[in-house]
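Next come the chains, spelled out residue by residue.
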There are 2 protein chains.
Amino acid sequence: MEWIEYVGYVGVVLSSITFLPQVLHAWRTKSVGDLSIWMVLILIGNVTTWLFYSSVKGVLPMIIANAIILVLSFIMLFFKLTFKK
Amino acid sequence: MEWIEYVGYVGVVLSSITFLPQVLHAWRTKSVGDLSIWMVLILIGNVTTWLFYSSVKGVLPMIIANAIILVLSFIMLFFKLTFKK
């Protein structure tokens, strides 16, 4: 494996966990008023597209990362739709 | 160009604009209390990694998308550090 692919794996791990602190923050505060629902919706569209792309291409690390981000995005959407503030 | 690469271009465009509604939302409301600073910081790390990866690989659409996301991330960080609430 070329050295640059290790950089790619760092990117995959960081990408996967990017929205975890946001989900935890929203869960703790029960407040999502400052979150843009359009960000969450475009994120879902963006990640669904990459999940499809990586599945067709058979790039497993990218499939896993996008699947994780998709789950986190749907949790953010659920919070956005259910929390009162 | 294979058809799946067109799907990739859709992903690149969606990825690039994902954080634009969040930046506009924060700018309009001047309120970022519900935004996790850790999300923003990990996003900056994640995008910097992909910017480096795509520059070494010479994948121009990925370079452009990550450069746009990096600018938007730094704007969110700036808002997070300067807005009072």
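The structure displayed is predicted, hence computed values, not measured ones. (Residues numbered from 1 in each chain as written. Chains lettered and ligands numbered in written order. Predicted model: local features only at pLDDT ≥ 70, side-chain atom pairs only at ≥ 80, totals over all residues. Heavy atoms only, no water.)

**Some details on the overall build of chain A**
To keep it simple, the criterion reads: Helix and strand assignments come from DSSP, with helices taken as H or I runs of at least 4 residues and strands as E runs of at least 2, each series counted from the N terminus. Think of it in three bands: with a 1.4 Å probe and only protein chains considered, a residue is buried below 20% of the maximum accessible area for its type, exposed above 50%, and partly exposed in between. The contact criterion used is simple: two residues touch if any of their non-hydrogen atoms lie within 4.5 Å. Shrake-Rupley sampling with a 1.4 Å probe provides the accessible areas, and residues are treated as covered by the protein chains on show and by no other component.
Helix and strand content of chain A: four helices and zero strands. Helices and strands in chain A line up, N terminus first, as α-α-α-α. Along the longest, intermediate and shortest principal axes, the C-alpha atoms of chain A span 50 × 25 × 15 Å. Residue burial in chain A is summarised as follows: out of 85 residues, 49% are buried. Summarising the internal contacts of chain A: among those between residues at least 6 apart in sequence, 73% fall at separations of at least 24. For chain A, the exposed area adds up to about 4400 Å²; of that, 76% sits on carbon and sulfur atoms.

**Re the interface of chain B and chain A**
The following threshold applies: Buried area, as used here, totals the accessible surface that two parts lose on assembly, with accessibility defined by a 1.4 Å probe and the loss added over both. The term salt bridge refers to a pairing of a side-chain nitrogen on Lys or Arg with a carboxyl oxygen on Asp or Glu at a separation within 4 Å.
At the junction of the two partners, chain B supplies 34 residues and chain A supplies 34 residues. Across the chain B to chain A interface the summed buried area is about 3000 Å²; carbon plus sulfur atoms make up 69%. Across the chain B-chain A interface, the total number found is two salt bridges. Where K57(B) meets E5(A), a salt bridge forms, and the shortest distance between an N and an O atom there is 2.6 Å.

**Here we look at the environment of K85(A)**
All names here are of chain A. Turning to its location among the elements, K85 is positioned in the segment after α4 (60–82). Of the residues examined, K85 reaches a relative accessible area of 57% and is grouped as exposed. Taking the C-alpha atoms as reference points, K85 and S31, 54 residues apart in sequence, are found 5.2 Å from one another. Residues within four places of K85 in sequence aside, it is in contact with T29, K30, S31, V32 and G33.

**Examining the relation of the copies chain B and chain A**
Here is the rule: Least-squares fitting of one copy onto the other uses the C-alpha atoms of those residues that reach a pLDDT of at least 70 in both copies.
The transform that puts chain B on chain A rotates by 180° and translates by 0.0 Å along the axis, for an RMSD of 0.0 Å. Both copies are brought into coincidence by an operation consistent with a two-fold rotation axis. Looking at the rotation axis and the C-alpha trace of chain B, the residue lying nearest is D34(B), at 2.6 Å. Comparing interface residues between copies, 100% of those in chain B also lie at the interface in chain A; the contact surface is shared.

**Examining the packing of aromatic side chains**
Going by this rule: Two rings belonging to Phe, Tyr or Trp (six-membered ring only in the last case) form a pair when the distance between their centres is within 6.5 Å. Interplanar angles under 30 degrees mark stacking, angles over 60 mark edge-to-face geometry, and anything in between is tilted. As a reminder, the over-ring test applies to NZ of lysine and CZ of arginine, requiring each to be within 6 Å of the ring centre and within 35 degrees of the ring normal.
Enumeration over the complete set of coordinates arrives at 11 aromatic pairs over all chains. Between the aromatic rings of W3(A) and F52(B), the centroid separation amounts to 6.1 Å while the plane-to-plane angle is 55°, which identifies the pairing as tilted. Here W3(A), found in helix α1 (residues 3–17), pairs with F52(B), found in helix α3 (residues 37–57), and the two come from separate chains. Under the relative-accessibility criterion, F52(B) is labelled partly exposed at 42%. Taken together, a centroid distance of 5.8 Å and an interplanar angle of 25° make the contact between W27(B) and F79(B) stacked. With a gap of 52 residues between them, W27(B) in helix α2 (residues 20–29) and F79(B) in helix α4 (residues 60–82) connect regions that are remote in the sequence. Among the aromatic side chains, those forming a connected cluster through ring pairs are W27(A), F78(A), F79(A) and F83(A). Seen from the ring of W27(A), K30(A) lies directly overhead, with NZ or CZ sitting 3.7 Å from the centre.

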